Amino acid sequence: MTDIIGGVFVLLGCALAALAGIGQVRFADLMTRMHMATKPATLGILLVAVGAMFRIDGTGAVTLLVLTIILQFVTGPVSAHLVGRAAHRHGDWDRAGAAVDELAEVDEL
């Protein structure tokens, strides 16, 4: 039964990772591409790692998978924030499509 649960988690994670890759190609502007690069890919890696935990015996492997999940959840949002901030400062984003520009005041300082 754990093999089936692990397989389902891995397949769902792979589907989300594929969705993130398709979103990178399909979406037009930087902010939506950045969203697709972080949200589904991070959840996809989480699901693949949880699925692997169901399939792998041994505490050492599970420990490495937990560390992988933690590092992904820390580095993914931070890197997306830095890319978005750099694009905002450089002006490489669609200002007309933004409802609110909260960084306009910060970048002027």
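Not measured: the values here are computed from a predicted model.

Chemist: An account of the pattern of salt bridges is requested, with residue identities and associated values reported.
Modeler: Tallied over the full model, the rule gives 1 salt bridge. Of the charged contacts in the structure, one is a salt bridge between Arg 55 and Asp 3, with a shortest N-O distance of 3.6 Å. With a gap of 52 residues between them, Arg 55 in helix 2 (residues 30-55) and Asp 3 in helix 1 (residues 2-26) connect regions that are remote in the sequence. Residue classification places Asp 3 among the partly exposed residues on the basis of a relative accessible area of 45%.

Chemist: Run through the confidence of the model for the protein, naming residues and quoting values.
Modeler: Averaged over every residue, the pLDDT of the protein is 85; the share at 70 or more is 89%. Of all the helices and strands in the protein, helix 4 (residues 104-108) carries the lowest mean pLDDT, 63, while helix 1 carries the highest, 92.

Parameters at a glance
- Residues numbered from 1 in each chain as written.
- Predicted model: local features only at pLDDT ≥ 70, side-chain atom pairs only at ≥ 80, totals over all residues.
- Heavy atoms only, no water.
- Salt bridge = Lys/Arg side-chain N within 4 Å of Asp/Glu carboxyl O.
- Helix = DSSP H or I, 4+ residues; strand = E, 2+ residues; numbered from the N terminus.
- Buried < 20%, exposed > 50% of the residue type's maximum accessible area, 1.4 Å probe, protein only.
- pLDDT = per-residue confidence, 0-100.

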